[in-house]
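# Descriptive structure summary
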2 protein chains.
Amino acid sequence: MKKTKIEQTIQLINNQISNKSLIAGSRLPSVRQLAKQLHCSVSTIVEAYARLIAEGVLESRVGSGYYVRGKSEPMPVIETDIHYQREIDPLWISRQSLEAKNEVLKPGCGWLPTSWMPEQTIRKALKTAAKSEAVMLIDYATPHGHIELRKLIARKKEQYQIKFQLNQILITDSATQSIDLIFRHLLVAGDVILIDDPCYFNFRALIKAHHLQAISIPFTENGPDLAKFEQALSLKPKIYLTNSGIHNPTGATISLQTVYQISKLVEQTDLMIIEDEIFADFEYIPAPRYASLAGFQHVIQIGSFTKTLSAAVRCGYIIADPKLIDDLIDLRIATNFSPSHLNAEIIYQALMDSSYPRHLDWLKKQLLKLSNETIQKLKTLGIKPWVIPTAGIFLWCTLPQGVQAAELSKLCLKHGLILAPGNSFSQAEQSEQFMRFNVAQCIDKKVFDILQTAIQQLQNSSIENS
Amino acid sequence: MKKTKIEQTIQLINNQISNKSLIAGSRLPSVRQLAKQLHCSVSTIVEAYARLIAEGVLESRVGSGYYVRGKSEPMPVIETDIHYQREIDPLWISRQSLEAKNEVLKPGCGWLPTSWMPEQTIRKALKTAAKSEAVMLIDYATPHGHIELRKLIARKKEQYQIKFQLNQILITDSATQSIDLIFRHLLVAGDVILIDDPCYFNFRALIKAHHLQAISIPFTENGPDLAKFEQALSLKPKIYLTNSGIHNPTGATISLQTVYQISKLVEQTDLMIIEDEIFADFEYIPAPRYASLAGFQHVIQIGSFTKTLSAAVRCGYIIADPKLIDDLIDLRIATNFSPSHLNAEIIYQALMDSSYPRHLDWLKKQLLKLSNETIQKLKTLGIKPWVIPTAGIFLWCTLPQGVQAAELSKLCLKHGLILAPGNSFSQAEQSEQFMRFNVAQCIDKKVFDILQTAIQQLQNSSIENS
């Protein structure tokens, strides 16, 4: 590709610096002089100088002209990398996965490979957003956030027979931020909260950050254990935090009977159910929702578009009682000021694009196929799913006898494989025999090779020790 | 403009619904049938149906086809609007300004009019971002955030002789979020913190959200009152939160002597100075910074690009000791997961574009001119600046005798004028004679007309009452 005149000028100056015809402190020709010398326009030189200033090559001194910058010591880039020493805590999987280099295999992470995401839909949405009115690109969002996106979410919720008004929905920057805001508003340190065991490990990190007292309710194939849930109500918990739709990490879906029983139990208490619907768009058949039965008196729905659209475009939501939403707005202004209006616009454009439902269809079919294949491959290693999920990206599996998830994870990390050990998901630390696998990150045969070698090594050493 | 075939198809179906040839529950022709009927391609109809589904006009039933959706009751849109009843608290100005309709005049708000912002720079940055590699558009950011943006910020800080390594900077979603994260990590409820009096009202909202004990240090023309600062150190404050560069609301700049004295006082304590540099890009001559003298052992710098680039593209930063940054990353994952990588990319592209320094030059000249004009216009109303700022958008002014800022603000609100009353900025509530004016929002003559009428009304009633 032919270089523009601006790029040619930049290269020329960079060359002069490399071959020392310009050194630190040298004064450059004036814009007019250089334009004349290179037979190009003044604006070309202005642009070239401006870019070189932005890159830190030149500096402009007021009233004096342009100079080659004094060489500051080169900035040492300390690359973050895998933390082999870090103990397994609720943040272990997130930090390892987020900091891993590209060549690392990540069956433990909670997201799809980049190539599985609707890249073209996002690019198109960005281009559309680039043409939208100035307020969308420049100004703070109104406190409730993007109105068209709120309307669209309201329409999507109608398939669950969930109805609400537009002042009951608040656009946020992520599902995590949504929960964080609700916790900050409704809870104080020491408050009792119910969570599933196992549950999404970041729920545990959030609970720790808020210094809450979490009571684990065993999660069965049909949802939370009803007897244990009822028993725990005597401790006056303020919140029950759970995944509706597809449960993380188990992949199980709650039954309508369980939703009904829990709704009845909660009705007489002050407890609020936060149902996180982050995996909703992976569902074939919508699983029951708490908000479908009981509305928003005891239920808050939260969610985001991270899993099926983009994790780089941050956008989530909260649906709740309008008074609660109004209080959350005050708290959000104090602590975050405003959500990203532009991100909400990009998400809105992407959701409205016809390529998105087509992408979802493709995605769901791929995942179903891959889920079956992964189950077969894990079986040969003695790893078995606790439940066969109807949809989604996760398999929650038991490990072979004598193999502990934490040990296996640490061993595999040394071979470039990031796993999701069971106890990260268990407040009661009762899942050391479990491992969560993301089927979309299990395509590479090496995943199973590394697992096999590591399992054999652990089993051998366990025989030696016994 | 000629409609595309897709748009024509959408219109055709919408017309059939309006004229009742299609009613709620009607089944539409299959994609193939309709394509044949309208002599267009199957993909045209697929796209048209998909958009009508996204708009909530049609619904798709699995294995059965496309139907006109049952009319749900129209969703009542409850528009948020000016809250006349709301008492003046630290969030009063933010809520009023963010919720105001376009025709409302906002000399009290803290941002530039949309038309003053570098709209074309942002549009160009968006288009460039739309072409960047997929990971930028799809994936979570690495924990520290966009590396090129971090390098660019490091280069910008060199003009202040502030040096640090790239693992000392964390990209966040806003300056407010930056402070919030630091507070959450370093403080617990009841901790003592020092703030300027007056200070940015949202600092007070943040302090309230964290249940901290704030000690007000009077802010003089040269920075915080040194004697009061030293005296307050006996209370073992953990943090001093302030604006470096241009102070909000006063527009004053701290002197190098004050920076030196405060730095020495702090050296022997555990106190951390958080210097918020959010107005840095408005400066003609960079004012002294705490981090320039003492590095990051007792200083944390935070900032954002909201004021001069875009408030819709959320992006901020924290520069601090590397261990503190590492701890903040854990907290950020737990409470927000990841910053917006795409927003960081857009901000990076905009900062690198040569139109941005040109825009800043224009902006600074405009503001200086407008500041002088506004001072003159306010003078005729008996409103005088406490200090003449060297740069920035604010004038901190005393009101005429007998006029209280809160009363004046409430009265003007009824006439469509949002002001920023002094006590919003004062923890000690000692600024009832002060008002902050944003000169860029004072162009409309009506601002001064409404002010004049309201002041006369208040002065008359005060004479009657006396």
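Residues numbered from 1 in each chain as written. Chains lettered and ligands numbered in written order. Predicted model: local features only at pLDDT ≥ 70, side-chain atom pairs only at ≥ 80, totals over all residues. Heavy atoms only, no water.

In the nomenclature of an unreviewed UniProt entry, chain A corresponds to HTH gntR-type domain-containing protein from the organism Acinetobacter bereziniae LMG 1003 = CIP 70.12.

### Some details on the interface of chain A and chain B
One frequent convention defines the size of an interface as the accessible area lost when the parts assemble. Threshold: Residues count as neighbours in contact if any of their non-hydrogen atoms are within 4.5 Å of one another. A 1.4 Å probe defines the accessible area here, and the buried area is the portion of it lost by two parts on being joined, summed over both. Salt bridges are defined as contacts in which a side-chain nitrogen from Lys or Arg sits within 4 Å of a carboxyl oxygen from Asp or Glu. As used in this structure description, the phrase polar contact means that two N or O atoms lie within 3.5 Å; if the pair is within protein, one of them must be able to donate a hydrogen and the other to accept it, and residues adjacent in sequence are counted only when both atoms belong to side chains. Three categories are distinguished: nonpolar for Ala, Val, Leu, Ile, Met, Phe, Trp, Tyr, Cys and Pro, charged for Asp, Glu, Lys and Arg, and polar for the others, with Gly belonging to the last.
Contact with chain A, which involves 97 residues of that partner, is made by 97 residues of chain B. Buried surface at the junction of chain A and chain B, both sides included, amounts to about 8,000 Å², of which 60% is carbon and sulfur. Ionic pairing is found between Arg69 of chain A and Glu158 of chain B, a salt bridge with its closest N-O pair at 2.3 Å. Linking chain A with chain B are 42 residue pairs in polar contact (both at pLDDT 80 or more). The residue makeup of the side of chain A that touches chain B, split by class, is 46 nonpolar, 24 polar and 27 charged.

### Describing the sheet that holds strand β5 (residues 213-220) of chain B
Pairing between the strands of a sheet is mediated by backbone hydrogen bonds and can be parallel or antiparallel. Residue and element names in this part refer to chain B. As a reminder, the rule being used: Strand pairing follows a simple DSSP-based rule, namely that at least 2 bridges must link the two strands. Strands here are runs of E lasting at least two residues and helices are runs of H or I lasting at least four, both read from the DSSP assignment and numbered beginning at the N terminus.
With mixed pairing, the eight strands of this open sheet are ordered in space as β3-β10-β9-β8-β7-β4-β5-β6. The open sheet has two free edges, formed respectively by β3 (169-172) and β6 (223-224), since each of these has just one partner strand. Taken together, the three bridges between strand β4 (residues 192-197) and strand β7 (residues 239-243) define a ladder with parallel strand orientation. Bridge pairing links Ile195 to Leu241 in β7.

### Re the domain arrangement of chain A
All names here are of chain A. What counts here: The domain boundaries here were taken from an automatic or database domain assignment.
In terms of domain boundaries, chain A breaks down into domain 1 (3-66), domain 2 (88-109 + 356-462) and domain 3 (117-351). On the side of domain 3, 33 residues touch domain 2, which itself brings 30 residues to the contact. Of the roughly 2,800 Å² buried between domain 2 and domain 3 on both sides combined, carbon and sulfur atoms contribute 63%. Per-residue buried area on domain 2 facing domain 3 is highest for Tyr356, Phe425 and Gln427; these three make up 26% of the total on that side.

### Digging into a positive patch on the surface
Definition in use: Patch members must show over 30% relative accessible area and no salt bridge, and they are joined within 9 Å when carrying like charges or within 5 Å when they are nonpolar side chains of Val, Leu, Ile, Met, Phe, Trp or Tyr. Each accessible area is a Shrake-Rupley estimate made with a 1.4 Å probe; only the visible protein chains count as cover when residues are assessed. Just so you know, the count uses Lys and Arg for positive and Asp and Glu for negative, and it drops His and the chain ends. In plain terms, the charge of a residue is placed at NZ if it is Lys, CZ if Arg, CG if Asp and CD if Glu.
A cluster of like positive charges, contributed by Lys127 and Lys131 of chain A together with Lys127 and Lys131 of chain B, occupies part of the molecular surface. Residue position: Lys127 of chain A is located in helix α5 (residues 119-130).

### A word on the relation of the copies chain A and chain B
Cut-off, in case you're wondering: Superposing the copies works by least squares over the C-alpha atoms of residues that have pLDDT at least 70 in both of them.
Its rotation angle being 180°, the transformation that places chain A on chain B also includes 0.1 Å of axial translation and leaves an RMSD of 0.1 Å. Seen this way, the second copy is the image of the first under a two-fold rotation axis. Every residue of chain A has its C-alpha some distance from the rotation axis, and the shortest such distance is that of Lys127 of chain A, at 3.0 Å. Take the interface residues of chain A: 100% of them recur as interface residues in chain B, which is what a same-surface contact looks like.

### Remarks on the sheet that holds strand β9 (residues 299-304) of chain A
Residue and element names in this part refer to chain A. Inclusion rule: In this analysis, axes come from line fits to C-alpha atoms, helices being fitted only over the stretch in contact, and the angle between any two N-to-C directions falls in the range 0 to 180 degrees.
The strand order across the open sheet formed by eight strands is β3-β10-β9-β8-β7-β4-β5-β6, and the pairing between neighbours is mixed. Every other strand in the sheet has two partners, leaving β3 (169-172) and β6 (223-224) as the edge strands with one partner each. Pairing geometry for strand β4 (residues 192-197) and strand β5 (residues 213-220), over six bridges, is parallel. Looking at the pairing, Asp197 lines up with Pro218 of β5. Packed on one face of the sheet, helix α7 (residues 147-157) meets β3, β9 and β10 (316-319) and runs near 115° to β3.

### Brief notes about unusual backbone geometry
As a reminder, the rule being used: Working definition: with a 1.4 Å probe on protein chains only, accessible area under 20% of the residue-type maximum means buried, over 50% means exposed, and in between means partly exposed.
The linkage connecting Asp197 of chain A with the following residue, Pro198 of chain A, adopts the cis geometry, with an omega of 0°. Positionally, Pro198 of chain A belongs in the loop between β4 and α9 (201-209). Here the residue pair Asn248 of chain B and Pro249 of chain B is connected by a cis peptide bond, since its omega of 10° sits within 30 degrees of zero. You can see Pro249 of chain B is positioned in the loop between β7 and α11 (256-267). Residue Glu429 of chain A is not a glycine yet carries a positive backbone phi of 50°. Counting through the fold element by element, Glu429 of chain A comes out in the loop between β13 (420-421) and β14 (434-438). The class for Glu429 of chain A is partly exposed, based on a relative accessible area of 48%.

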